[in-house]
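Overview (structure and organization)
These are the residues of each chain, in order.
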Amino acid sequence: MAKTLAELCIPREWVFDPNVRDTVHDIDELDQLDPERFFAENYVTEGMRQLLSEAFKRLEGRTENASGIFLLSQSMGGGKTHNLLALGLLAKYPKWREPVMGSFYRPGPLGSVRVVAFSGRKTNTPYGIWGEIAERLNRREVLRDFYSPLRAPGVENWVELLRGDPVLLLLDELPPYFQAARAIQVGQTTLDHLTTVALANLLVAVASGKLPNVCVVLTDLRAQAYEAGSTAISEALRNLELEANRTATRIDPVRLNTAELYAILRQRLFKALPADAEISEVADAYAQALEQARVLDLTAFSPQAVRSEILSSYPFHPGIRDLFARFRENPGFQQTRALIRIMRIVVAQLWSAGAAHYKFLIRADDVDLSRSDMISEIRQINAALENAIAHDIVDERGGAVAQQIDAELGGSSARDAATLIFLSSLSLAVNPVLGLDRSEIFGYLAEPGRDLTQVREALDRLQQRAWYLHPTAAGKLLFKNVENLNAKLESYASGLRDERELELRDRICEMFAPKVGNCYQVVEPLPALDQIQLSPERVTLIVFRPLPTALDEVRRWWENQQYKNRVLFLTGTPSGYERVIERAAYLRAIRQILQEFKQQNLPETDPQFIEARKIAEREESAFYLACRETFQILYYPHRTGLVQVELDPRYVANRYEGEQQIVEALKAVGKFREDTGPDSVGFRQLLESRLWPEGQKEVLWSEIKRRAATDAGWVLHHPRALDHLKDALVQRDIWRDIGGGYIQRGPFPKPKTSVQVQRLFRDHNTGEANLRIQPLHGDTIYYSFDGPPTTQSAKLEGNQLTTRALRIWFLAVDSRGEHETGEPVCWTNDLEVKYRFYQQGEQRMCELRAIPEGEIRYTLDGSSPERSGIRYEGPFPVLSNTRTILAQAVADGLRSPVLQIDVPIDPIGPTVDPRKPALWRRRHKLDDTGDTYRFLESIERHGARLRGITAIVAREQRWLQLSADPQTEFTASQVREMLEALRQYIPSGLVTLDAEQVWTETGQQLLDLVADLRTELRSEEVQQ
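A quick note: this is a predicted structure, and the numbers were derived from the prediction, not measured.

Thoughts on the packing of helix α20 (residues 438-445) against helix α21 (residues 452-465)
Viewed as axis vectors pointing N to C, α20 and α21 meet at an angle of 135°, and their least axial separation amounts to 11 Å. As the angle between them shows, α20 and α21 are arranged oblique. As α20 packs across α21, the resulting crossing turns out to be right-handed. Facing α20, whose interface residues are Arg-438, Ile-441, Phe-442 and Leu-445, α21 presents Leu-452, Val-455, Arg-456, Leu-459, Asp-460 and Gln-463.

As C-alpha cells, then:
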C-alpha cells in the first residue's frame, strides 16, 4: 500500500521558517555564501553541467577553440544567477570541484581563480563597469586613461587588464544598469552607449585568443521589464546581445519542460526522499485511480503515462509542470525562482497543517489561495483575477462560491477544481492556452481514495453559481474578471475618488509632454509647490489647481525663487476643474477595464471589447473637452512679474499638442525665441548687452547661464542654445575659452606658437615610441633630450620621431615672424616594470626589467618599494613563503606605477631525475629570425635535440618549408645547416621554427636548458 508524504519525505528546516522570503541569492552575495550549504541544496542541471565543464576547460587552458564567453539565456527567475553563483563558488573554492563536478568533469590542478562578479543592480559606477572590474582585480591603474573623462576601453586595453592568471568575469542583470546609464550624459553620448562599446570590446578581447584563460559569463541581455522604458536602452542591449551572439556559447540554465524542474524542487526543498520502490508504489496507486476514472469515462489521461511521469516528478504531481508552464512567460514572473517560492509555501502548509499525513503527492490544487503570502506570489503572475478568488474560490469568511459548495457536499472538491481552473487562467502570453476541460480536471484530481463523482457534482454547481467562471467554445472552463460594462464602469469610477487626480496628472503629462523640449523640459502636474526644486538648466511647466487662492500662492512662491526665469504656470477656471476631475475618474475606469481585457487576451472582435472601445472613445472626448474649457491660462516670467497670456487649446482626433500651443503663445508675446544661432540677427548682441557684465572682457560662463536663469526679462530658448552659441563663437575665434570656466570676448592678439605631440605607437616590450609632432602657429620644430631646446638645438626633419628616451622637449618657431615663440613642450614616455618567472633547477627565479630603462627596487613582504625597496641587480630566487612581489622603476625623476606580482602558490614544475634522459613535450614556436637562432644556440649549449620540427623561410609571397616527424631527432647544428640551405633560395627571408619536443641526454641538461630559456616546466609535460 502506498505511503503518504509525511511517511516518505522530510522537508528542509528553512522551509518552515516564516522569515525566509527569497529562495535565490543575488550575485553580490557570492563572497558571503556558504559553499557547503549552497551545494547541498543545489541540483546540477544539464545546462549547469555544460557551463561548468566548458568554463573550467577554458580556465584550466584545456581548450584553445572555445571563445571563453557564455550567455545564459532564459526568462526571469530561470536559474541564471544560480548558475553564476555555482560557477563562482567553484572557481573560488577548489576543494568543492571534485564533490560537485566529479561525476561529469575531472578538475585539473587549477587553484583559486580570480572572480569578478558584477550585478547590473549596482548602478553607481563612477568609473564605469570597466573601472569596477579593474578595481576588483586590483589593477585600476591599467585603465586609468579611461576614467576621466569616461571612455570605453579598447580590445587591447582589456587584454592588458586581464592577461596573466585565470580570471572569471560574471556579469548579471545588465538591463537595470543600462536603464540608469541611459540618463548619464558623457560628452556627446550617454553612459549606456559607452558601456555597450566597452563590453563589446571585452567580448572581442576574450574571443581573440590573447586571453586563453579568461572566461566571461553573461546573463540574458534582453531588456524584459525595461523594454517599455526607453527605445534607446533596448537598442543598446540588443547591440550588445548581437556582439555576444557572435562570440558566446548560449546555455539554457534550466530546461523547464523536462524533469529537471522537479529535480531542482526536490533538492531545494527536501533533505530526505524515499527509495525508488516506495515511489513506484505511489505511482501504481495513482495509475489505478486513473484507470477507474477512465472506466467512468471521466478522463482521457493515460494511467501508464501518468505513472511514468510520477516516477520522475515525485513527490510532485506531474500536473504542476503542465499548469505552471502556461504562465511562466508572463511579464515579471520569475519562473524557477517563483516556483520554488510557491512550492515552499505549499510544502510548509501541507506539513504544518497535517495534510501531508493523508496526501500522497504535492498537487497544483494544494496552492492555498487564502494565504496572504501565496496571493502575493499570484499577484506577480497575474493580478487581474483577485475578484474571482474572493467571490468564487475562497475568502476569509468562508463565503466564496467554492467554499459554500464544499460545505454542502463535504470535502474540498469544488475548491480543488476551482484552484486548478484558476491556475490555468493566469497566462498573459500572446495566444495563450487558457482553461481546462473536464477530462483534464478529473485527470489532475484523480488520486487514491478520491470519489470523482463528487468532483463531477462540485464542478456542475461551480459552473452554475460562480460569477467569474466562463466556458469557451472548445468546452474549457476558465476564470475571467469580467462584469457588465456599464455597471462595472460606474462601480470603478465611484471607487476612484483617490485616484482620479492620478489619472488627471497622467493625462496632463501626456497632453503637455515636452516632445521637442526647446521651450520647457519638465512637467509638474498638480504639485505641492514646496516640493518643487527649480533647476538653472531646465524650464519647468507647473500645472496648478485653479482654486480661489492658488494664484496668490503661486506668485508668493515665485517671488522667493532664485531661478525666476526657469518656470511657467498653467491653470484654468475653478468651475471647470471639478468636471475635469469627474471625467478623469471615468476615463481611468474604462482604461482599467480595457487593460484587463488586454491582459486576459480578449480578442478585439469580442463584443465586450468593441463596446468598451466605444465607451473609451466617448470618455476621451468628454475628458478633452473638459480640459479645453478649463486649462486656458498661461503665466510666464516678465521683468514686471508674472504675466498672463491666453491659450487657444485645439485638439484633433483626441490628440492635444499642448507643447506647441504654449510655444506659439510665448512666441507671440516675444518670450520664446528660436533663432539663437551665431548667424541669427541680434541674439549675440542681446546676450552681450543683457547677460554679459558691463565693462568686463572676461566672464565666468556659469555666470552668464545663471543670469539667464534668474533674469525674468530674459527670453526662453532651447536649453542648449547658450552653449551652442558659445561653442560656435569660440570656434570662429570671436570668443575664447581661456580655461577655468571663463570666456573672453575679442578682438584677440595672434596666439603664440606651440607643439602638439601625439603618440602613434609604443612597443610595450622595449618602451620605444613612435611620435607625431605638429607645430601650432609655426613651421619649424627644434627638439632636445637634455632640457628645453633653443633655435640652436636639433631641427626635426619631417613630422615623426621614434625614440626610447624618457623625456623630449620640443619648441615651435614661426619663421615668418607672425606668431611669437611660445614655451617649449615636454613629452614624457611611460616608465613601467615587466617581469617573468622561470625555473632554475628546482628553484623558481624572478626576472625584472625596466621599460625603457631605469633602476628597479622591489620588496618581498608587501612593503613600499619606494621606502623599503631592494635594488634589483639581476634575477633572484623566489622563496616558498613569498606571496607578493612589489616592484617600481625610477629614472630621470620619473617613477613607474608599483607593479604587484602575485607569486604562484603551486609548486614549481614536475620532479626531474637529473641522471635519466628526459623528453620535454612542449611546443616551441619561434616567429622571427633572431628568436629562432637564439633558441638554437640554447639547444646546442645544453646538448639537446629537437623532434617534430617545421622550419620555414619566407619573404613576401615566396616561402620554403621543411618538416620532420616527431620520432626523428636533430641537433641544433643540423637544423642550422637545413636553414642555411633554405636561405640560399630566399636570401634575407624571415626564418621561423616550430618544434614539438625537446630531448636531452640527462634531466640535468633539461633543467639547465629551462633556466637558460627563462621558463618553467609544467606538470605532465616531462617524460623520463
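Moving on from the coordinates now.
Quick word on the packing of aromatic side chains
All told, the structure shown has 23 aromatic pairs when counted by the stated rule. Ring centres of Phe-38 and Phe-39 lie 5.2 Å apart, and the angle between their planes is 90°; this geometry places the pair in the edge-to-face category. Residues Tyr-783 and Phe-810 carry aromatic rings whose centres are separated by 6.4 Å and whose planes lie at 40° to one another, so their mutual orientation is tilted. You can see Tyr-783 sitting in strand β24 (residues 780-784) and its partner Phe-810 sitting in strand β27 (residues 807-813), a full 27 residues away along the chain. You'll find Tyr-783 and Phe-810 in the same group, each marked buried. An aromatic cluster is built from Tyr-262, Phe-270, Phe-316 and Trp-351, whose rings are joined through pairwise contacts. Between the NZ or CZ atom of Lys-564 and the centre of the ring of Trp-558, over which it lies, the distance is 6.0 Å. The ring of Tyr-586 is capped by Arg-583, whose NZ or CZ atom sits 4.6 Å from the centre of that ring.

Things to note about the state of the cysteines
Across all of its chains, the model carries zero disulfides by this definition. Free cysteine: Cys-627, not disulfide-bonded; nearest cysteine sulfur from Cys-509 at 12 Å. On the basis of relative accessibility, which here comes to 5%, the residue Cys-627 falls in the buried class.

Brief notes about the sheet that holds strand β4 (residues 167-172)
Across the sheet, which stays open at both edges, the five strands sit in the order β3-β4-β7-β2-β8 with parallel pairing between neighbours. What marks the edges here is a single partner per strand, and that holds for β3 (114-119) and β8 (249-251). If you compare each strand with its neighbour and ignore which way they point, the axes differ by 15° on average. Across the face of the sheet, helix α9 (residues 191-207) comes into contact with β2 (69-72), β4 and β7 (214-219) while running at roughly 140° to β7.

Re empty space enclosed by the protein
Considering all chains together, one arrives at four cavities of 30 Å³ or more under this definition. Quantified by volume, the largest cavity comes out at close to 140 Å³. Taken together, 15 residues line the largest cavity, and the ones lying closest to its centre are Pro-536, Glu-537, Arg-566, His-717 and Pro-719. Listed by contribution, the elements that provide at least two residues to the lining of the largest cavity are α29 (701-710) and α30 (721-731). Looking at side-chain class alone, the lining of the largest cavity contains seven nonpolar, three polar and five charged residues.

Regarding the pairing of strand β39 (residues 945-955)
Sheet topology note: the β39/strand β41 (residues 969-971) ladder contains three bridges and is antiparallel. Within β41, the position partnered with Arg-947 by the bridge is Glu-969. Bridging between β39 and strand β40 (residues 958-963) involves six bridges; their strand directions are antiparallel. From the neighbouring strand, Thr-950 faces β40, where its bridge partner is Ser-963. Here β39 folds back onto β40, and the loop between the two strands holds two residues, one of which, Glu-956, carries a positive phi near 55°.

Let's talk about the confidence of the model for the protein chain
In this model, the protein chain carries a mean pLDDT of 88, and residues with pLDDT of at least 70 account for 93%. Averaged pLDDT values over the elements of the protein chain bottom out at 55 in strand β17 (residues 651-652) and peak at 97 in β27. Contacts of residues 225-230 to residues separated by more than four positions or lying in other chains number eight contacts, the stretch itself having pLDDT below 50.

Quick look at the pattern of salt bridges
According to the stated counting rule, one finds 76 salt bridges in the structure shown. Among the ionic pairs, Lys-515 bridges to Glu-657, the shortest N-O distance being 3.6 Å. Of the two residues, Lys-515 sits in the loop between α23 (500-511) and β12 (522-525) while Glu-657 sits in the loop between β18 (655-656) and α27 (658-668), which places them 142 residues apart along the sequence. Judged by its relative accessible area of 34%, Glu-657 is partly exposed. Ionic contacts of the salt-bridge type, sharing partners, join the residues Glu-503, Asp-506, Arg-507, Glu-510, Arg-588, Arg-591 and Glu-620 into one network.

Thoughts on the sheet that holds strand β23 (residues 769-776)
Ordered in space as β22-β23-β26, the three strands form an open sheet in which the pairing is antiparallel. Across the chains shown, the open sheet's two edge strands, defined by having one partner strand only, are β22 (754-762) and β26 (800-803). Between one strand and the next, the sheet's axes are offset by a mean angle of 30°, whatever the strand orientation.

How each quantity is defined
- Residues numbered from 1 in each chain as written.
- Predicted model: local features only at pLDDT ≥ 70, side-chain atom pairs only at ≥ 80, totals over all residues.
- Heavy atoms only, no water.
- Axes fitted to C-alpha atoms, helices over the stretch in contact; angles between N-to-C directions.
- Helix = DSSP H or I, 4+ residues; strand = E, 2+ residues; numbered from the N terminus.
- Parallel < 35°, antiparallel > 145°, perpendicular 65-115°, else oblique.
- Left-handed = near helix turned anticlockwise from the far one by under 90°.
- Contact = heavy atoms within 4.5 Å.
- Phe/Tyr/Trp six-rings, centres within 6.5 Å; stacked < 30°, edge-to-face > 60°.
- Buried < 20%, exposed > 50% of the residue type's maximum accessible area, 1.4 Å probe, protein only.
- Lys NZ or Arg CZ within 6 Å of the ring centre and 35° of its normal.
- Disulfide = S-S within 2.5 Å.
- Pairing = 2+ DSSP bridges.
- 1 Å grid on protein atoms, 1.4 Å probe; cavity = no way out; pocket = protein on both sides within 12 Å on 5 of 7 lines; lining within 4 Å.
- Points joined across faces, edges and corners; volume = space filled by probe spheres on them.
- Nonpolar A, V, L, I, M, F, W, Y, C, P; charged D, E, K, R; others polar.
- pLDDT = per-residue confidence, 0-100.
- Salt bridge = Lys/Arg side-chain N within 4 Å of Asp/Glu carboxyl O.

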